[in-house]
Amino acid sequence: MKNDNTLGSYLYQGLNIEYIEKIFVFLDYQLKQIHNKNRYVEDISFRTIILDEEEEYFSFKNEFIQKMPKECDRNVFIRNNINHLVKLFIGAFAFETTLEQTKNINIEWFDFPTISKRNPSYVEEHYNYLKTVIPNSEKYGEYYDDVILDNKYEYFNDYKRRQDEKEGRTTSRQMTYSTPVGRALSEKEDIGKSAYAQILIYPIITACFMILIAIFYIIYILI
């Protein structure tokens, strides 16, 4: 895992906590889009999330994205996926925090979704310590408590948006662009606006230039 394009490999190289949190936010957004297509992620682990080097973002491996059974409780699949994604990134935060202190460490010790399959209460039993490595826990700690301790499920981006709305910190447009996904969309929109402005201005410049040529030509004839 140390020499491939999986999330686990990049964590071994050392990623700062803020960047890991951005990856979590982006994957949370992807997960919601997957569920909206009536699909789910069969296995969420450090091995099944890879970096798309061309697009420069992490995503779930396609082979682990499956259709939900026709007759099923969608909420069960959604809850499990959200729970596993949250556990995985608590593991990522804990791994990077430990990696700063020692290099002799195995990332599989922090693959909490996989560990939870063998010991379902593992994360809950160690949650008091694990919560200390979660970034912005004073602001978003309730979200992790709800998912880990109370088995509730909500996409992190949706939770963050609700919190921002309650506190009145941002407008709806600013909230949309408060995540890496939103900022990327914002940048594309700005690029589109810039291109549109250029499309408009070029004909105007050309028309002005042609008028000047006509004026000079008339003056030349009169002289």
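Please read these numbers as outputs of a predicted model, since none were measured by experiment.

A few words on the overall build of the chain. Along its length, the chain carries 10 helices and four strands. Looking at the 223 residues of the chain, the share that counts as buried comes to 39%. Residue pairs in contact within the chain that sit at least 24 positions apart in sequence constitute 66% of those at least 6 positions apart. Approximately 13,600 Å² of the chain is accessible, and the part contributed by carbon and sulfur atoms is 54%.

Formed by 51 residues in total, the largest nonpolar core has its most connected members in Leu11, Phe60, Val86, Phe89, Ile90, Tyr143 and Tyr144. With 12 residues, the single largest contributor to this core is helix α3 (residues 74–99). Those residues in contact with Val86 that sit more than four places away from it in its chain are Phe24, Tyr143, Tyr144, Val147 and Ile148.

Looking now at the side chain of Thr48. Structurally, Thr48 is set in the loop between β1 (39–41) and β2 (49–52). Among the polar contacts made by the side chain of Thr48, one reaches the main-chain carbonyl oxygen of Asp43 at a distance of 2.8 Å. Polar side-chain contacts of Thr48 include one of 2.9 Å to the backbone nitrogen of Ser45. Setting aside residues no more than four positions away along its own chain, Thr48 makes contact with Asp43, Ser59, Phe60, Lys61 and Phe64.

Locating Ser45 in the fold gives a position in the loop between β1 and β2. When the C-alpha atoms of Ser45 and Leu85 are compared, they prove to be 8.1 Å apart, with 40 residues separating the residues in sequence. For Ser45, the contacting residues outside a window of four places in its chain are Leu88, Asp111 and Thr114.

Moving on: unusual backbone geometry. Although it is not a glycine, Asn136 sits at a positive phi angle of roughly 55 degrees. Relative to the elements of secondary structure, Asn136 occurs in the loop between α6 (127–130) and α7 (137–148). Take Asn136: its relative accessible area is 31%, and that puts it in the partly exposed class. For Asn151, which is not glycine, the phi torsion reads 60 degrees and is therefore positive.

Mean pLDDT over the chain stands at 80; residues scoring 70 or higher make up 74%. For the chain, the element scoring lowest by mean pLDDT is helix α10 (residues 180–222), at 41; β1 scores highest, at 97. This model gives residues 171–181 a pLDDT under 50, and the stretch forms 20 contacts once residues within four places in sequence are excluded. Note on residues 184–222: pLDDT is under 50 here. Beyond four places in sequence and across chains, it has four contacts.

So, on to α7. With 12 residues, α7 should cover 16 Å at 1.5 Å per step; its first-to-last C-alpha distance of 14 Å lies more than 12% under that length. Those residues of α7 that fall on the buried side of the exposure criterion are Tyr140, Gly141, Tyr143, Tyr144, Asp145, Asp146, Val147 and Ile148. Buried residues along α7 sit against α2 (17–36), α3, α5 (122–125), α6 and α8 (156–167).

About the criteria used
- Residues numbered from 1 in each chain as written.
- Predicted model: local features only at pLDDT ≥ 70, side-chain atom pairs only at ≥ 80, totals over all residues.
- Heavy atoms only, no water.
- Helix = DSSP H or I, 4+ residues; strand = E, 2+ residues; numbered from the N terminus.
- Buried < 20%, exposed > 50% of the residue type's maximum accessible area, 1.4 Å probe, protein only.
- Contact = heavy atoms within 4.5 Å.
- Areas by Shrake-Rupley, 256 points an atom, 1.4 Å probe, with all protein chains shown as cover.
- Core = buried A, V, L, I, M, F, W, Y, C linked by side-chain atoms within 4.5 Å.
- Polar contact = N/O pair within 3.5 Å; in protein donor to acceptor, adjacent residues only side chain to side chain.
- pLDDT = per-residue confidence, 0-100.
- Expected span 1.5 Å × (residues − 1).

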